[in-house]
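A closer look at the structure
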Amino acid sequence: MRLIGIDWGVFPRRVTMYLDEKGITDIKRVSIDYARGEIHAPWIREKSPTASLPALELDDGSWITDSMAIIYYLEELYPKPCMIGHNALERAKIRTYIAHCNDLFVRAGPVFANTWPQWSRAIKQSKETAEWMRPAFNRSLECLETLADPDGPFLMGPEVTVADCALFPLLYHEVSNYGTPMINDQHPKLQRWYDMFNERPSAPCPLRDDGMREVSDADLDPDIPYWWRNKELNVTTWAAKRKE
């Protein structure tokens, strides 16, 4: 099997962190050139029409293209150590937590993309949109704080679970790339957990390399055809390369 993703991508990182925490080493990892728009290459679009990653390519060539679906699939293939809960109640709590993580991801996008100056390269920013979504974004963080285990050390209690892998990549991404922590003193359980989990071997990853991290245009490589610079991308060479 192959896992196709982006080294720093928030959703692909859910799966790579899971693989690291689980100790799964027999799945090949392929990282695409997102900066140059490879996500729109034909070899990806023909299997994932929405151009979404990660994707787990199975032995028969078919793809699973949702991060949590990939994790649940792998959990059935590699059941030990268990990371989805040992009984029905634990599994329900973990899946509830992940649902709120997904809500946070959806709500974070409009807030930060319409706030950070870097993103003016790619979209017409709207302060009104950011402020309209911010209360819902804050409620998601409050919910995740409330539902986190009070004693830890992990989000769901004494053992690492897929809930940890579902939330950590987004929080890490915002701090490491933009210097903006999403949690603060109002989220003591999440802050304690994040500080602990950030020391685990699965935590570090590369910074964004697609020109959406640097504030000044002078810091960008003028020769790189970043995805936001090119509306029409020539991806023929990538298609051939990946099928070799």
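Residues numbered from 1 in each chain as written. Predicted model: local features only at pLDDT ≥ 70, side-chain atom pairs only at ≥ 80, totals over all residues. Heavy atoms only, no water.

**Some thoughts on the nonpolar core**
In a soluble, globular protein the nonpolar side chains are often hidden away together inside. Ranked by size, the top nonpolar core spans 75 residues in total, and within it Tyr 18, Tyr 97, Val 162 and Leu 167 carry the most contacts. The residues contacting Tyr 97, other than those within four sequence positions of it, are Leu 144, Leu 147, Ala 148, Leu 155, Met 156, Ala 163, Leu 167 and Leu 190. (Core = buried A, V, L, I, M, F, W, Y, C linked by side-chain atoms within 4.5 Å. Buried < 20%, exposed > 50% of the residue type's maximum accessible area, 1.4 Å probe, protein only. Contact = heavy atoms within 4.5 Å.)

**A word on the sheet that holds strand 1 (residues 2-5)**
Pairing is mixed across the open sheet formed by 4 strands, whose spatial order is 2-1-3-4. Each edge of the sheet is formed by a strand with only one pairing partner; in this case those strands are strand 2 (28-31) and strand 4 (63-64). Bridge count between strand 1 and strand 2: 4 bridges; the pairing is parallel. Counterpart to Leu 3 in the pairing with strand 2 is Arg 29. The strands touched by helix 1 (residues 10-22) within the sheet are strand 1 and strand 2, with strand 1 carrying the most contacts at an inclination of about 140 degrees. (Pairing = 2+ DSSP bridges. Helix = DSSP H or I, 4+ residues; strand = E, 2+ residues; numbered from the N terminus. Axes fitted to C-alpha atoms, helices over the stretch in contact; angles between N-to-C directions.)

**Some details on the packing of aromatic side chains**
A full pass over the atoms with the stated rule returns 16 aromatic pairs. Judged by centre distance (4.0 Å) and plane angle (20 degrees), the rings of Trp 116 and Tyr 178 are stacked. Taken together, the residues span a long stretch of sequence, with Trp 116 in the loop between helix 4 (88-113) and helix 5 (127-147) and Tyr 178 in helix 6 (residues 162-178) at a distance of 62 residues. The class for Trp 116 is buried, based on a relative accessible area of 11%. Pairing Trp 193 with Tyr 194 gives two aromatic rings, centres 6.5 Å apart and planes at 70 degrees, and the pair type is edge-to-face. You can call Trp 193 buried: its relative accessible area is 0%. Its relative accessible area of 9% is what places Tyr 194 among the buried residues. Taken together, Phe 154, Phe 168, Tyr 172, Trp 193, Tyr 194 and Phe 197 form an aromatic cluster joined through their ring pairs. Directly above the ring of Phe 105 sits Arg 14, whose terminal nitrogen or CZ lies 4.5 Å from the centroid. The ring of Tyr 72 has Arg 95 sitting right over it, with the charged end atom 4.5 Å from the ring centre. (Phe/Tyr/Trp six-rings, centres within 6.5 Å; stacked < 30°, edge-to-face > 60°. Lys NZ or Arg CZ within 6 Å of the ring centre and 35° of its normal.)

**Examining helix 6**
Counted at 1.5 Å a residue, the expected span for helix 6 with its 17 residues is 24 Å, and the 25 Å between its end C-alpha atoms agrees. Most pronounced at Phe 168, the bend in helix 6 amounts to some 30 degrees, and the proline Pro 169 follows within four residues. Two residues or fewer after helix 6 comes Gly 179, characterised by a positive phi angle close to 65 degrees. (Expected span 1.5 Å × (residues − 1). Bend = angle between axes of the 7 residues up to and from the residue.)

**Structural notes on the pattern of salt bridges**
Tallied over the full model, the rule gives 9 salt bridges. With its nearest N and O atoms 2.7 Å apart, the salt bridge here joins Glu 57 to Arg 2. Remark: Arg 2 occurs in strand 1 and Glu 57 occurs in strand 3 (residues 55-57); sequence separation between them is 55 residues. With a relative accessible area of 17%, Glu 57 lands in the buried category. (Salt bridge = Lys/Arg side-chain N within 4 Å of Asp/Glu carboxyl O.)

**Things to note about the environment of Arg 14**
If you trace the backbone, Arg 14 turns up in helix 1. Exposure remark for Arg 14: the relative accessible area of 1% places this residue in the buried category. It is 11 Å that separates the C-alpha atoms of Arg 14 and Cys 101, two residues lying 87 residues apart in sequence. Here Arg 14 is in contact with Ser 67, Met 68, Ile 71, Cys 101, Asn 102, Phe 105, Cys 165, Ala 166 and Pro 169, once residues within four sequence places are set aside. At 2.8 Å, the side chain of Arg 14 and the side chain of Asn 102 are in polar contact. (Polar contact = N/O pair within 3.5 Å; in protein donor to acceptor, adjacent residues only side chain to side chain.)

By themselves, these figures tell us nothing about what the structure is for.
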